[in-house]
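Summary of structural features
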2 protein chains.
Amino acid sequence: MTDRIVDFLRRRNEDGPCMVLDLDVVRDNYSSFAKALPDTRVFYAVKANPAPEVLDLLARLGSCFDTASVVEIEQVLAAGAAPDRISFGNTIKKERDIARAHAHGVSLFAVDCEAEVEKIARAAPGAKVFCRILCDGSGAEWPLSRKFGCAPDMAGRVLEHAHRLGLVAYGLSFHVGSQQRNPRMWDGALAASAAIFKDLAERGIALQMVNLGGGFPTKYLKNVPAVRQYGKAIFEALRKHFGNRIPETIIEPGRGMVGNAGMIEAEVVLVSKKSDEDRMRWVYLDIGKFNGLAETMDEMIRYPIRTEFDGDATEPCIIAGPTCDSVDVLYEKEPYELPVSLAIGSKVLIEGTGAYTTTYSAVGFNGFPPLKSYVI
Amino acid sequence: MTDRIVDFLRRRNEDGPCMVLDLDVVRDNYSSFAKALPDTRVFYAVKANPAPEVLDLLARLGSCFDTASVVEIEQVLAAGAAPDRISFGNTIKKERDIARAHAHGVSLFAVDCEAEVEKIARAAPGAKVFCRILCDGSGAEWPLSRKFGCAPDMAGRVLEHAHRLGLVAYGLSFHVGSQQRNPRMWDGALAASAAIFKDLAERGIALQMVNLGGGFPTKYLKNVPAVRQYGKAIFEALRKHFGNRIPETIIEPGRGMVGNAGMIEAEVVLVSKKSDEDRMRWVYLDIGKFNGLAETMDEMIRYPIRTEFDGDATEPCIIAGPTCDSVDVLYEKEPYELPVSLAIGSKVLIEGTGAYTTTYSAVGFNGFPPLKSYVI
């Protein structure tokens, strides 16, 4: 929570929840990444928060951008970044979207199979490709599924195929899992990457780049290591596996860049119990899974919640959203301690909500509007 | 799949997935509900699909409407339904939204606790309220959480409180679980309702109405009983528990009214394997959890998927959406049989997608636009 956000909210008198994002925090975060990994280029993961003000600031600071779609590419170009600062990082692309990206001047693409390489060879001839490898993600609060990437022993063949089709077999990428709290988790994937570099070099293909992915955490309720600890651990792992031939590296922070810059203000709509015997209160907010807090699914992300009654006695509560949808419950398996004095009409502040909130909002589920967003 | 939808899609040549909804099917569904439960008023659950054409049609057919928010109330009024055909069925309402609904002429409200009764007494004096009771939902493909409703023994007190505050203690409601495939599941909740009617009558409060809720299924992969079987089972349960003093009843079909009227056309973006040893193909579509198919969460709803290769040999596949989000996987725990001949660029038709698809869409997650919707 920053003074600027507090001031902004004090002057606001609209109805409904909103997310306020403080650009000063984003500037600090960018600077921390740049300092922690001085030889690594930062590709901001636009999907975390594509607000034009965020993209404008990062473009001015010299950031590069990891994009998931042609719309995101166009948002980044509109912010003034040149196409050589853009990676089309989605491994799942329509061939006509690759052609559109290519027409915009984008020349760096993610792949994880030969079929995707073939699309790129046709639609963006000569482009650079990096192959994503699977990585187990232990230690992450949100380990990723196997959706993206291929087995390391397949990656060599994918990149050879790219080389054969006239593309630049540029490098590798992996992702150690979202909200990764263990800085040493890059080690295993870098070991696998170094082996692929070596293997391909022997076959005459000189890879140049390792995309270290995202996974850099935001502080929610638990403390997380500082960015410089990630920088140190990653540099050590690079030295260990690549010796004095460290490749070009890039990182793709999203949550780590904007998560702690944003805060949601919401309102308590109802507080009730289900029966006389029920010990547990239900606290219903005007924000839920469908208008901003999608990342509470399976209670994965546990946001810090501040109230005007902090310091009063607390009780465990079930917290739910405002829709008529029974899955719109935020915290129930592990109830949340909130002040007993919290009442209908009270405001609550939900911290660490700068990433993966606004764009996850449903267009109008139950008639509730998408989450309002203010960038200050 | 109807001929009208097939014709429409044949003439469409835009990029991106879309949902097409055939109003003729909605008309048939309305008529089936009206015939199956001739003494029951139909309150269409607007949240299932609030497309203006759907609301217009149902308003003309004489339907009433179950709404979740003031926006939905205004959508129904715009469709030409009078406010006495609207229920504000969300048990979680801001007091100022109750006042707005009251100002629009709405006078029927859901409650499940005394605090909500007090808001209504202040903001909509004299209104009718019904109290939602908890109900265990066994037999439903999507049993509901405990989010809505109170224990039956608390409901009497909630309604007495309403009576004392000058509201009309009008009745009870419950919900037997979404996609409820057992028509006998209304029996237990009606037994509990009859007991509360009796108890309150002894205390001088004559309840008049039982809101039988929704839960009426759409046919996905498994067959479901016909609406007339639900009508028969519900009527029998009403007779059994209320004898010859059957109260006024209403139902709130949403999925059952529009689910089978809609179909999504999508495209295969990528087909790949993760390793040489991997038996399982991954099929990536241009639609996923964030642009329409939110109800695949936990693989709850298993949609029928048609392809131009139906009849060819099939293989189990993991099906995933197009975003860079690792949770955007539709069917993995229980892989889906799809034709081996399905390839990149193939179209697929996803049936039973008229309900809970368009409005669940994210505003622009990963830059992907919300699901397009056509009502024909």
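Residues numbered from 1 in each chain as written. Chains lettered and ligands numbered in written order. Predicted model: local features only at pLDDT ≥ 70, side-chain atom pairs only at ≥ 80, totals over all residues. Heavy atoms only, no water.

What counts is decided by this rule: UniProt positions are given in the numbering used here, feature names are shortened, and annotations may be inferred rather than shown by experiment.
As named in an unreviewed UniProt entry, chain A is ornithine decarboxylase, taken from Lichenibacterium ramalinae. The UniProt entry for chain A carries the following comment under Catalytic activity (unreviewed entry): "L-ornithine + H(+) = putrescine + CO2". Under the heading Sequence similarities (unreviewed entry), UniProt records this for chain A: "Belongs to the Orn/Lys/Arg decarboxylase class-II family."

**A word on the interface of chain B and chain A**
To keep it simple, the criterion reads: Contacts are residue-level and defined by heavy atoms, with any inter-residue pair within 4.5 Å sufficient. Buried area: the sum, over both parts, of the accessible surface (1.4 Å probe) that disappears when the two are put together. Salt bridges, as used here, are contacts in which a Lys or Arg side-chain nitrogen is within 4 Å of a carboxyl oxygen on Asp or Glu. The helix count covers DSSP runs of H or I at least four residues long, the strand count covers runs of E at least two residues long, and both are numbered beginning at the N terminus. Polar here means any residue outside two lists: the nonpolar Ala, Val, Leu, Ile, Met, Phe, Trp, Tyr, Cys and Pro, and the charged Asp, Glu, Lys and Arg; Gly therefore counts as polar.
Every contact between the two is made by 74 residues of chain B and, on the other side, 74 residues of chain A. Summed over both partners, the interface of chain B with chain A buries about 5700 Å², with 58% contributed by carbon and sulfur atoms. When the buried area of chain B at its contact with chain A is split by residue, Lys-147, Lys-274 and Cys-324 of chain B rank highest and sum to 12% of it. For the pair chain B and chain A, the interface holds 20 salt bridges. Among the ionic pairs, Arg-96 of chain B bridges to Glu-267 of chain A, the shortest N-O distance being 2.6 Å. Only helix 4 (70-78), helix 5 (95-103), helix 6 (114-123), helix 7 (152-164), strand 12 (262-272) and strand 13 (281-285) of chain B provide two or more residues apiece to the side of chain B that touches chain A. By residue class, the composition of the side of chain B that touches chain A is 32 nonpolar, 18 polar and 24 charged.

**Quick notes on the domain arrangement of chain A**
Residue and element names in this part refer to chain A. Quick note on the threshold: Domain limits in this description derive from either an automatic procedure or a database domain assignment. Any N or O atom pair separated by 3.5 Å or less is treated as a polar contact, with the protein-specific requirement of one donor-capable and one acceptor-capable atom, and with residues adjacent in sequence counted only for side-chain atom pairs.
The domains assigned to chain A are domain 1 (23-258) and domain 2 (260-375). Of the roughly 1800 Å² buried between domain 1 and domain 2 on both sides combined, carbon and sulfur atoms contribute 62%. With a shortest N-O distance of 2.7 Å, Arg-255 and Glu-295 are connected by a salt bridge. Here domain 1 and domain 2 share 6 residue pairs in polar contact (both at pLDDT 80 or more) between them. Only helix 2 (23-36), strand 7 (140-142) and helix 10 (255-258) provide two or more residues apiece to the side of domain 1 that touches domain 2. Ranked by residues supplied to the side of domain 1 that touches domain 2, first place goes to helix 2 with 4 residues. Counted by class, the side of domain 1 that touches domain 2 contains 10 nonpolar, 3 polar and 4 charged residues.

**Digging into the pairing of strand 12 of chain B**
A regular strand places its side chains on the two faces of the sheet in alternate fashion. Residues and elements named next belong to chain B. Short version of the rule: Exposure classes here rest on a 1.4 Å probe applied to the protein chains alone. A residue is buried below 20% of its type maximum, exposed above 50%, and partly exposed in between. Paired strands are those between which DSSP finds at least two bridges.
Of all 11 residues in strand 12, 11 are buried, a share of seventy percent or more. Note that strand 1 (residues 18-21) and strand 12 share 4 bridges and pair antiparallel. When the bridges of strand 12 are listed, Leu-21 appears paired with Gly-262. Strand direction decides the pairing type here: strand 12 and strand 13, joined by 4 bridges, are antiparallel. Among the inter-strand pairings, Val-268 is bridged to a residue of strand 13, identified as Leu-285.

**Side note on the environment of Thr-296 of chain B**
Residues and elements named next belong to chain B. Mapped onto the elements of the fold, Thr-296 is located in the loop between strand 13 and strand 14 (305-307). Here Thr-296 falls in the buried class, since its relative accessible area comes to 1%. Between the C-alpha atoms of Thr-296 and Tyr-331, which are 35 residues apart in sequence, the distance is 7.5 Å. Apart from residues lying up to four places away in sequence, Thr-296 is in contact with Lys-289, Ile-301, Tyr-303, Leu-330 and Tyr-331.

**What about the side chain of Glu-299 of chain A?**
Residues and elements named next belong to chain A. Looking at the secondary structure, you find Glu-299 in the loop between strand 13 (281-285) and strand 14 (305-307). Only 2.6 Å separates the side chain of Glu-299 from the backbone nitrogen of Glu-332, close enough to count as a polar contact. Leaving out residues up to four positions away in the same chain, Glu-299 has contacts with Leu-330, Tyr-331, Glu-332, Lys-333 and Glu-334.

**Topic: the packing of aromatic side chains**
Selection criterion: Centres within 6.5 Å make a pair out of two Phe, Tyr or Trp rings, where for Trp the six-membered ring is used; the pair is then stacked when the planes are under 30 degrees apart, edge-to-face when over 60, and tilted otherwise. By the criterion adopted, a ring carries a charge over it if an Arg CZ or a Lys NZ lies within 6 Å of its centre and within 35 degrees of its normal.
Enumeration according to the criterion identifies 30 aromatic pairs over all chains in this entry. Pairing Phe-290 of chain A with Tyr-360 of chain B gives two aromatic rings, centres 5.0 Å apart and planes at 55°, and the pair type is tilted. Taken together, the positions of Phe-290 of chain A in the loop between strand 13 and strand 14 and Tyr-360 of chain B in the loop between strand 17 (347-351) and strand 18 (372-375) put the pair across two chains. Among the residues examined, Phe-290 of chain A registers a relative accessible area of 9% and is labelled buried. Each residue in the set Phe-33, Trp-186, Phe-216 and Tyr-230 of chain A is aromatic and connected to the rest through ring pairs, giving one cluster. If you follow Lys-274 of chain A out to its NZ or CZ, it ends over the ring of Trp-282 of chain A, 5.1 Å from the centre.

**Points about the relation of the copies chain B and chain A**
Note the threshold: The atoms used to superpose the copies are C-alpha atoms, taken from residues with pLDDT of at least 70 in both, and the fit is least squares.
The two copies are related by a screw motion: chain B maps onto chain A through a turn of 180° and a shift of 0.0 Å along the axis, at an RMSD of 0.0 Å. Accordingly, the operation relating the two chain copies is best matched by a two-fold axis. When C-alpha positions in chain B are compared against the rotation axis, the closest is assigned to Ala-362 of chain B, at 2.1 Å. Mapped onto chain A, 100% of the interface residues of chain B are again interface residues, and the two copies thus contact each other with one and the same surface.

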